[in-house]
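Now for the letters of each chain:
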Amino acid sequence: MSNPDLSQAAVQHSESGLRINPEVFVKKLPTLSYQQGTLFVEQASVQQLAEQYGTPLYVYSKQAILDAYTAYTTSFAAIDHQVCYAVKANSNLAVLSVLAKAGAGFDLVSSGELARVLAVGADPSKIVFSGVGKTVTELTAALKAGIGCFNVESLSELDTLNAVAAELNVKAPISIRVNPDVDAKTHPYISTGLKDNKFGISHDIAVAAYQHAASLEHLQIVGIDCHIGSQLTEIDPFVAALDKVCELIEALKKVGIELQHIDLGGGLGVIYIDEEVAKVSEFAAALLPKLQELGLKVFFEPGRSIVANAGMLVTKVEVLKPTEHRDFAIVDAAMNDLIRPALYQAEMAVIPVQTASQVSQKSWDIVGAVCETGDFLAKKRLLSLAVGDILAITGAGAYGFVMSSNYNSRPRPAEVMVSGDKHQVVRARETVAQLFETESTFDID
Ligand code: LLP
């Protein structure tokens, strides 16, 4: 047992674990606040949302999404640009429709994502299609939809896309995704711009790849693209990548290939606990002089920095299980609902929805009920917990629900969006019956 934290530090690391002062911590996050000791998203009480909709529950703030989007559009207002939100980060139709209405374009990696953005009325000309393994069916669907650009990732994709476009008698607008071989200094699973990664076409053969593209009748070269990784906290790798892409743009001019746009991908990091993360305005200040000199339209593909801190996973403490070595708080969310801690050793903040109870803290491992030791949401967190308490895992708006599964036959959580004091279920909680409605017993003898 230790005393309640009296300091004003948002986060303290110690031998016994991580102590978060929730009231100070949420000041760093958009649209979250404590009102009389209860956590609010905009003007909605999280305790009430949990009671009304049940837990585990994903909760999103419309305002936080719009503010994060606007940070890009205002920071880059001086140049012709288009923000193409990376749908993979959170593909709920509510999130997509809020962004489409605000003028965002979209960055896709599958025809499933294409169908989603078309369903919310996205402007096809603002869509870019990334991904290393686009199938003929996907290329066809995207060409028929009239998307703005294919970010091509291999020589073979150039040939396949040319053939598909010929079949439809159209010209496919393309960028080549170059792999600039820049270290993004992030988790190895989400670093994409190194020679060893499967992404993009190597910087060394990029000019030859463009010349090949130029020789193909049904391709129209419109841009150049790169994306070096995700959860980047520093700006230097972006600047290094931009420098390499600028060199290529010069080399392309020399062989008579002129471009209309440059796509810098996504990747800007967010605060999960106490990371020092560059702000969008700082990112813009570092890149703008070079981009202005270049004079091309600039595309961005941010995902995480738009939605991560606009969302949380709300969960209830089901069982408290102190043991001789570790104290476990077993909650009703698990790795199937939020896999980031298990998959990337990601540390995400866990804060109480009611602060009044924070009187005698212990170091808890917050775990789910899934039958795996890797099923943890947070380790060594100083919290004062009782069965039935509601907790919020912040930063869960990106790569949260989209990466969820039904492992252990667990129905996936509901998703709710808040705007002011209003809220709406934007995805109903799955039912157990839905989990096997498309299955059958095997009836052949
Ligand atoms: N563009 C491309 C081509 C990408 O591959 C990605 C992310 C993005 C844009 C968006 O990056 P962001 O702005 O969100 O960093 N599941 C992992 C993250 C995987 C990111 C994959 N690519 C996680 O939970 O950390």
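Parameters and conventions
- Counting restarts for each chain: residues are numbered from 1 in the order of the written sequence.
- In keeping with the model being predicted, local features are shown solely for residues with a pLDDT of at least 70 and side-chain atom pairs are shown and tallied solely at 80 or more, while totals for entire chains, interfaces and linings include all residues.
- Side-chain metrics in this entry use all non-hydrogen atoms of the structure; hydrogen atoms and water are not considered.
- UniProt positions are given in the numbering used here, feature names are shortened, and annotations may be inferred rather than shown by experiment.
- The method works on a 1 Å grid over the protein atoms by themselves. A cavity is a set of points holding a 1.4 Å probe that cannot get out, a pocket is an open set with protein on both sides within 12 Å along at least five of seven lines, and residues with an atom within 4 Å of a point line them.
- Grid points are joined across faces, edges and corners, and a volume is the space filled by probe spheres set on the points.
- Strands here mean DSSP runs of E at least two residues long; helices mean DSSP runs of H or I at least four residues long; both are numbered from the N terminus.
- Following the grouping adopted for this structure description, the nonpolar residues are Ala, Val, Leu, Ile, Met, Phe, Trp, Tyr, Cys and Pro, the charged ones are Asp, Glu, Lys and Arg, and the polar ones are all others, Gly among them.
- Here, proximity means that at least one heavy atom of the residue falls within 4 Å of the molecule or strand.
- Under this definition, polar contacts are N or O atom pairs within 3.5 Å; protein pairs additionally need one hydrogen-donor-capable and one acceptor-capable atom, and for neighbouring residues in sequence, both atoms have to be side-chain atoms.
- Here the accessible surface of atoms and residues is derived via Shrake-Rupley with a 1.4 Å probe, and residues count as covered only by protein chains that are part of the display.
- Per the annotation, domain bounds derive from an automatic or database assignment of domains.
- Relative accessibility decides the category of a residue: with a 1.4 Å probe and only protein chains considered, values under 20% of the type maximum give buried, values over 50% give exposed, and everything between is partly exposed.
- We call two residues in contact whenever any of their non-hydrogen atoms come within 4.5 Å of each other.
- One requirement defines pairing of two strands: DSSP has to find at least two bridges between them.
- Here the term right-handed applies to a crossover when the path leading from its first strand over the helix to its second strand runs clockwise, the strands being oriented away from the viewer.
- Here is the rule: rings of Phe, Tyr and Trp (six-membered ring for Trp) pair when centre to centre is within 6.5 Å. Planes less than 30 degrees apart are stacked, more than 60 are edge-to-face, and the remainder are tilted.
- Note on geometry: a ring has a charge over it if NZ (lysine) or CZ (arginine) is within 6 Å of the ring centre and within 35 degrees of the ring normal.

For the chain, the name recorded in an unreviewed UniProt entry is Diaminopimelate decarboxylase, with Psychrobacter sanguinis as its organism. UniProt, in its Function (unreviewed entry) section for the chain, records the words "Specifically catalyzes the decarboxylation of meso-diaminopimelate (meso-DAP) to L-lysine." Database annotation for the chain, UniProt heading Catalytic activity (unreviewed entry): "meso-2,6-diaminopimelate + H(+) = L-lysine + CO2".

A.B. asks: I'd like a rundown of the layout of surface pockets, residues and numbers included.
C.D. replies: Volume-wise, the second largest pocket comes out at about 520 Å³. Around the second largest pocket, the lining comprises 25 residues; the ones closest to its centre are Gly269, Val270, Lys279, Val280 and Ser305. Of all elements in the fold, only helix H3 (62–75) and helix H11 (304–307) reach the threshold of two or more residues within the lining of the second largest pocket. The element contributing the most residues to the lining of the second largest pocket is H3, with 5 residues. Partitioning the lining of the second largest pocket into residue classes produces 16 nonpolar, 3 polar and 6 charged.

A.B. asks: I'd like to hear about the site of the ligand, residue by residue, with values.
C.D. replies: Inspection of the region around the ligand gives 19 residues, with Ser230, Glu301, Arg340, Tyr344 and Tyr399 positioned closest. One nitrogen or oxygen atom from the side chain of Tyr399 is found 2.6 Å from an oxygen atom belonging to the ligand. Starting from 590 Å² of accessible surface for the ligand in isolation, the protein chains cover 92%. Counted by class, the shell around the ligand contains 6 nonpolar, 7 polar and 6 charged residues. When residues of the shell around the ligand are sorted by domain, at least three fall in each of domain 1 (6–61 + 308–435) and domain 2 (131–300).

A.B. asks: Go over the UniProt feature "modified residue: N6-(pyridoxal phosphate)lysine" (unreviewed entry) in the chain with me, naming the residues and quoting the values.
C.D. replies: As recorded in UniProt, the sites labelled "modified residue: N6-(pyridoxal phosphate)lysine" (unreviewed entry) are Lys88. Tracing the sequence through the fold places Lys88 in the loop between strand S7 (81–86) and helix H4 (93–102). Classification of Lys88 by relative accessible area gives partly exposed; the value is 33%. Look past the residues within four positions of Lys88 in its chain and what remains in contact with it is Asp107, Val109, Glu113, Tyr399 and Val402.

A.B. asks: Could you give an account of the sheet that holds strand S5 (residues 44–45), with specific residues and numbers?
C.D. replies: Pairing in this open sheet of 3 strands is antiparallel, and the strands run S3-S4-S5 from one edge to the other. Of all the strands in the sheet, the pair left with one neighbour each is strand S3 (32–35) and S5. Taken together, the 2 bridges between strand S4 (residues 38–41) and S5 define a ladder with antiparallel strand orientation. Within the sheet, the bridge partner assigned to Val41 lies in S5 and is Ala44.

A.B. asks: Would you mind going over the pairing of strand S15 (residues 297–300) in detail, with residue names and values included?
C.D. replies: With 3 bridges joining them, S7 and S15 adopt parallel strand pairing. Among the inter-strand pairings, Gln82 is bridged to a residue of S15, identified as Phe299. As paired elements, strand S14 (residues 261–263) and S15 share 3 bridges and run parallel to each other. Bridge pairing in S15 places Asp263 opposite Phe299. Regarding topology, helix H10 (residues 280–294) serves as the crossover connection from S14 to the parallel S15, and that connection is right-handed.

A.B. asks: Any chance you could break down the packing of aromatic side chains for me, citing the residues and the numbers?
C.D. replies: Evaluated as defined, the whole model comprises 9 aromatic pairs. Taken together, a centroid distance of 6.3 Å and an interplanar angle of 25° make the contact between Tyr58 and Tyr60 stacked. Relative to Phe283, the ring of Phe76 lies with its centre 5.9 Å away and its plane at 80°, an arrangement referred to as edge-to-face. Residue Phe76 is located in the loop between H3 and S7, and its partner Phe283 is located in helix H10; the two are separated by 207 residues in the primary sequence. Phe283 matches Phe76 in its accessibility class, with the two residues each being buried. Ring pairs connect the aromatic residues Tyr72, Phe76, Phe238, Phe283 and Phe300, which therefore count as one cluster. Lying over the aromatic face of Phe129, Lys134 brings its terminal NZ or CZ to 5.6 Å of the ring centre. A cation over an aromatic ring shows up here: Lys379 above the ring of Phe376, its NZ or CZ 4.2 Å from the ring centre.

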